[in-house]
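Coordinates in review
This is what each chain is made of:
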Amino acid sequence: MTYFQRLIINTLAFISLSVLFPSMFYVNSFVIAIVASIVLSALNFLVKPILHILSLPITLITFGLFSFVINGMMLKLTSVIVGEQNFAFSSLGAAIFISLLLSMINSIVINKHMDRY
């Protein structure tokens with residue numbers, strides 16, 4: 001799956017999840033969803049590996065469940081960079097919940113895409 005396809009999946013997932021959970025998650029427009037998807041991809045490439053290394057003891061103690069908190073923090077950081085008036089979460093718990101759903105959507109689409117080949 002190409003980088004462009006992942007950006008489209010994340011963008012559509014952001015729009016869909018903001019419609020499904022309007023009290024937890026807000027996206028101002030489709031363009032903001034595209035920008036947030038690009039920012040999230042950049043953060044996942046640059047910051048997330050560092051956070052995973054620094055939080056390795058906690059991740060091992062929680063049997064990997066702390067990685068959901070890291071994903072939620074990546075979404076909250078995306079919200080801060082894009083602007084909370086355009087892309088916002090009601091709380092860190094909401095960001096963790098949305099990151100869990102986003103991970104599920106990505107894994108379903110990737111697995112479905114991999115079945116073709």
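All of the points below concern the structure found in this document. This one's a predicted model, so the numbers in the text were calculated from it and none came from an experiment.

Along its length, the chain carries 6 helices and 2 strands. For the chain, the N- to C-terminal ordering of α and β elements is α-β-α-α-α-α-β-α. Taken over the C-alpha trace, the chain has a radius of gyration of 14 Å; the compact-globule value for 117 residues is 13 Å, and the two agree within 12%. Projected onto its principal axes, the C-alpha coordinates of the chain cover approximately 40 × 40 × 25 Å. The buried share among the 117 residues of the chain stands at 36%. The contacts in the chain between residues at least 6 apart in sequence include a share of 63% that link residues at least 24 apart.

Thresholds, definitions, all that
- Residues numbered from 1 in each chain as written.
- Predicted model: local features only at pLDDT ≥ 70, side-chain atom pairs only at ≥ 80, totals over all residues.
- Heavy atoms only, no water.
- Helix = DSSP H or I, 4+ residues; strand = E, 2+ residues; numbered from the N terminus.
- Rg over C-alpha atoms; globule rule 2.2 N^0.38 Å.
- Buried < 20%, exposed > 50% of the residue type's maximum accessible area, 1.4 Å probe, protein only.
- Contact = heavy atoms within 4.5 Å.

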